[in-house]
Amino acid sequence: MVRMRRVVLFVILCALGSGGAAVSATLRMSLPPVFEALPIAFAEAWGLFDAEGVSVDLVGITDNQERSTALLTGNLDAVMEDVTRALLDYSSARDLVITGSAISVPQTDSVPLGLLSHAGFGAESLAALLATNQKIGISYRTDDEYMLDQLLVACGITKGWSTRYMYFNDSLQLAIWFAAQTVPVATLREPYISYIATYHAPNLAPPNLSWLSTFSGIAPVPCAVVFRKAFVRDNPSAIAAFYRAHAAAVDRINAMPRDELIAVGLDVVLGLFFQGANSSSVPQEALDAISIPRFEPPAPLPEQTFTNVVSWMQKKGYLYERLEYAAVVDNHFLP
């Protein structure tokens, strides 16, 4: 209802000659539950896309495979997804293009990705984990799996996935299973780590988590923004407008104090990371524990990152061809 009122008001202002940009296209897009998606979600909530002349309809899909299916069947015009998933989607249908990437820089007291266990249930150190056959929960065919493989290779394990991994289709599902101690060890991102570490039933102590690794020394992988080529062909100005609004949201978020950002954007955060939840169901201590990163403006996907992920996917049997950067990536829409 709030969005409808905003759209109606915007159309009226345009009709009165207010000087606002005329809406030239409607973009159906889905975002994964990662921090890098927050600027796009905030841009939609703040009306920044409308101001640039492109209407963005965000479709909530947490499952990676379902999001890809919606994109490949034309039910979505674009998605943000990790590079691994973007390359899988491209290999399934050549009518896609990566037009940019997004990454965030964690605060000094936080990490973008963690390998964790419950103290007393899973291994309590990386060395102890590697000395056992304990399963590791991980999202299947994702950049998180790529980084976990890099971590294990650095420890001398080159075939860990064949016996050690317990695969999940999305990070929310993995977080729920890990929180319930159904999975002994898991690779998770924020804000799920902070939520699990602080959430507890009344009269019970919060969980005691063991940090096995913070992936120090493993280069992070940005998220890719992927469009259908048909939408690019028919609406090139809308894509440039999309990125202008995306960049404006990044600037606004980075300049906003943390408490103010959480206060004005809690519903946006919940809608992205905890679909169906409401603000009353999130403990204050969980909100206090979440460290908001600094967001980088939308930028080209680094070619070296692309090459590294392609090589890993080929070795793992996820990709059976050598994809070329110039064929998959088009950076000229970025500001």
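Please read all numbers here as calculations on a predicted model, not as lab measurements.

Draft legend 1. Just helix H4 (residues 64-72), in detail. Every buried residue belonging to H4 is among Asn64, Arg67, Ser68, Ala70 and Leu71, and all of these are buried. Taken around the axis of H4, the buried residues stretch over an arc of 160°, which confines them to a single face. Contact partners of the buried residues in H4: strand S1 (25-30), strand S3 (78-82), helix H5 (83-92), strand S4 (96-102) and strand S11 (223-228). Among the residues trailing H4, Gly74 stands out with phi positive, at a value near 85°.

Draft legend 2. The arrangement of the sheet that holds S1 in detail. A sheet is described by the order of its strands in space; here five strands give the open sequence S2-S1-S3-S11-S4, paired in mixed fashion. Each having just a single partner strand, strand S2 (54-58) and S4 make up the two edges of the open sheet. Strand-to-strand, the axes of this sheet are offset by a mean angle of 30°, without reference to chain direction. Where S4 meets S11, six bridges bridge the pair, whose relative direction is antiparallel. Paired with Ala102 across the two strands is Cys223, which belongs to S11. Contacting S3, S4 and S11, H5 crosses the sheet at an angle of about 125° to S3.

Draft legend 3. Structural view of the packing of H4 against H5. At a minimum axis separation of 11 Å, H4 and H5 run at an interaxial angle of 40°. By the criterion of interaxial angle, the relationship of H4 to H5 is oblique. The way H4 lies across H5 gives a crossing that is right-handed. Two secondary-structure elements touch here, H4 through Asn64, Gln65, Ser68, Leu71 and Leu72 and H5 through Arg85, Asp89 and Ser92. When its residues are assigned to classes, the contact of H4 with H5 shows two nonpolar, four polar and two charged.

Draft legend 4. Local environment of the nonpolar core. Leu27, Leu188, Phe227 and Phe242 are the most contacted members of the largest nonpolar core, which has 58 residues in total. It is helix H12 (residues 236-255) that contributes the most residues to this core, nine residues altogether. When near neighbours in sequence (up to four residues on either side) are disregarded, Leu188 contacts Pro112, Leu113, Gly114, Leu116, Ser171, Leu174, Ala175, Phe178, Ile193 and Ile196.

Draft legend 5. Spatial organisation of the sheet that holds strand S8 (residues 165-168). Taken in spatial order, the five strands make up an open sheet running S8-S7-S9-S6-S10, and their pairing is mixed. Edge positions in the sheet fall to S8 and strand S10 (209-213), since each of these pairs with one other strand and no more. Across the sheet, the mean angle separating the axes of adjacent strands is 35° when strand polarity is ignored. Looking at chain direction, strand S7 (residues 136-139) and strand S9 (residues 185-189) are connected through two bridges and run parallel. Looking across to S9, one finds that Ile136 is bridged to Val185. Strands in contact with helix H9 (residues 171-179) are strand S6 (113-118), S7, S8, S9 and S10; relative to S9, the strand with the most contacts, it is inclined by about 135°.

Draft legend 6. Highlighting the packing of aromatic side chains. This structure, assessed with the given rule, holds 12 aromatic pairs. When the centroid spacing of 5.4 Å and the interplanar angle of 70° are considered together, the rings of Phe168 and Trp177 count as edge-to-face. Considering the side-chain rings of Phe227 and Phe242, the 5.8 Å spacing of their centres and the 85° angle between planes classify their relative orientation as edge-to-face. Linking Phe227 in strand S11 with Phe242 in helix H12, this pair joins segments that are 15 residues apart in sequence. Take Phe242: its relative accessible area is 0%, and that puts it in the buried class. Through pairs of rings, three or more aromatic residues link up here, namely Tyr140, Tyr146, Tyr165, Tyr167, Trp312 and Tyr318.

So, how was this worked out
Residues numbered from 1 in each chain as written. Predicted model: local features only at pLDDT ≥ 70, side-chain atom pairs only at ≥ 80, totals over all residues. Heavy atoms only, no water. Buried < 20%, exposed > 50% of the residue type's maximum accessible area, 1.4 Å probe, protein only. Helix = DSSP H or I, 4+ residues; strand = E, 2+ residues; numbered from the N terminus. Arc of directions from axis to C-beta. Contact = heavy atoms within 4.5 Å. Pairing = 2+ DSSP bridges. Axes fitted to C-alpha atoms, helices over the stretch in contact; angles between N-to-C directions. Parallel < 35°, antiparallel > 145°, perpendicular 65-115°, else oblique. Left-handed = near helix turned anticlockwise from the far one by under 90°. Nonpolar A, V, L, I, M, F, W, Y, C, P; charged D, E, K, R; others polar. Core = buried A, V, L, I, M, F, W, Y, C linked by side-chain atoms within 4.5 Å. Phe/Tyr/Trp six-rings, centres within 6.5 Å; stacked < 30°, edge-to-face > 60°.

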